Amino acid sequence: MLDNLELIKQREEQEGMLVLVKATPDETNDIVFLLKEAAEWMVASELKHWTPDMFTPESVRSYFDDREVYAAYLNQEPVGMFTLQGSDPSYWGPLNDGQYGYLHRLTVRQAFRKRGISEWLLEAAEEIVLSQGKKALRLDCITHSPKLNAFYQGLGFKHQGVTDMGVRVVNLYER
């Protein structure tokens, strides 16, 4: 299944090999699964951000048109993902700069959280954008989740500003 994909990074886990691959549209169902599961958790946690209906095969397939999609698998089972893009004017507005890489949709399945996978994915994303000649990795985070903001800050992401998207307000971070 994953044999023909570009291997980006791997690490040995107790249960087997965790691998990060550059996904293709063939992995759309895995990406939808990951995003819907995360959205269901957000709804159950009353964290107003994603909803499961946001993630259809058609909407996820469109990601491949304007961004790179990466998926993490443990023994061929999808456990996490993120996307990268070279520009993000809708969130970064006048601070948008093509010299940076922009991360979106970082997701780790609930059953695999608190195992360092999110940190590993962020490290991989940063390595990818730096290898592409970018200055740094940028991301946004909803302001109404202090725990998530503290997570990014604890990993060395520096606050760069705030954007009011109308439907949500986000903090902008860079590392």
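Scroll up to find the structure this text is about.
So, here is what we can say about the structure in this document.

Parameters and conventions
- Residues numbered from 1 in each chain as written.
- Predicted model: local features only at pLDDT ≥ 70, side-chain atom pairs only at ≥ 80, totals over all residues.
- Heavy atoms only, no water.
- Helix = DSSP H or I, 4+ residues; strand = E, 2+ residues; numbered from the N terminus.
- Rg over C-alpha atoms; globule rule 2.2 N^0.38 Å.
- Buried < 20%, exposed > 50% of the residue type's maximum accessible area, 1.4 Å probe, protein only.
- Contact = heavy atoms within 4.5 Å.
- Areas by Shrake-Rupley, 256 points an atom, 1.4 Å probe, with all protein chains shown as cover.
- Lys, Arg positive; Asp, Glu negative; His and termini not counted.
- Charge placed at Lys NZ, Arg CZ, Asp CG, Glu CD.
- Pairing = 2+ DSSP bridges.
- Salt bridge = Lys/Arg side-chain N within 4 Å of Asp/Glu carboxyl O.
- Core = buried A, V, L, I, M, F, W, Y, C linked by side-chain atoms within 4.5 Å.

### What about the overall build of the chain?
Across its full length, the chain holds five helices and eight strands. Listing the helices and strands of the chain from first to last along the sequence gives β-β-α-α-β-β-α-β-α-β-α-β-β. Expected size for 175 residues packed as a compact globule is a radius of gyration near 16 Å; at 15 Å, the chain falls within 12% of this value. Principal-axis analysis of the C-alpha atoms places the extent of the chain at approximately 40 × 40 × 30 Å. Across the 175 residues of the chain, 47% fall into the buried class. A separation of at least 24 residues holds for 60% of the contacts in the chain among residues at least 6 apart in sequence. Split by element, the accessible area of the chain, about 8,800 Å² in all, is 50% carbon and sulfur. With 19 positive and 26 negative side-chain charges, the chain shows a spacing of 5 Å between the two charge centroids.

### Some thoughts on the pairing of strand S4 (residues 77-85)
For S4, the buried fraction is high: eight of the nine residues fall into the buried class. Looking at chain direction, strand S3 (residues 68-74) and S4 are connected through seven bridges and run antiparallel. Its bridge partner being in S4, Tyr73 is matched across the sheet by Pro78. The hairpin formed by S3 and S4 contains two residues between the paired strands, and Asn75 there has a positive phi angle of roughly 55 degrees. Pairing of S4 with strand S5 (residues 101-108), which is carried by five bridges, proceeds in the antiparallel orientation. Bridge pairing in S5 links Met81 to Thr107.

### Considering the pattern of salt bridges
Here the structure, examined in full by the defined rule, presents 11 salt bridges. Of the charged contacts in the structure, one is a salt bridge between Arg109 and Glu37, with a shortest N-O distance of 3.3 Å. Placement of Arg109 in the loop between S5 and helix H4 (117-131) and of Glu37 in helix H1 (residues 28-44) is noted, with a sequence separation of 72 residues between them. The class for Glu37 is partly exposed, based on a relative accessible area of 22%. A network of salt bridges, in which partner residues are shared, links Arg11, Glu13, Glu15 and Arg115.

### Structural notes on the nonpolar core
Within soluble globular proteins, side chains that are nonpolar tend to cluster in buried spots. Ile31, Leu35, Trp50, Phe55, Val60 and Val69 are the most contacted members of the largest nonpolar core, which has 30 residues in total. Secondary structure elements with two or more residues in this core: strand S2 (16-22), H1, helix H2 (57-66), S3, helix H3 (89-92) and strand S8 (169-174). Counting residues per element, this core draws most heavily on H1, at seven residues. What Val69 contacts, discounting residues up to four positions off in sequence, is Val21, Lys22, Ala23, Ile31, Tyr63, Phe64, Met81, Phe82 and Thr83. Counting residues in hydrophobic clusters, the runner-up holds 26 residues, among them Leu20, Ala72, Ile117 and Tyr173.

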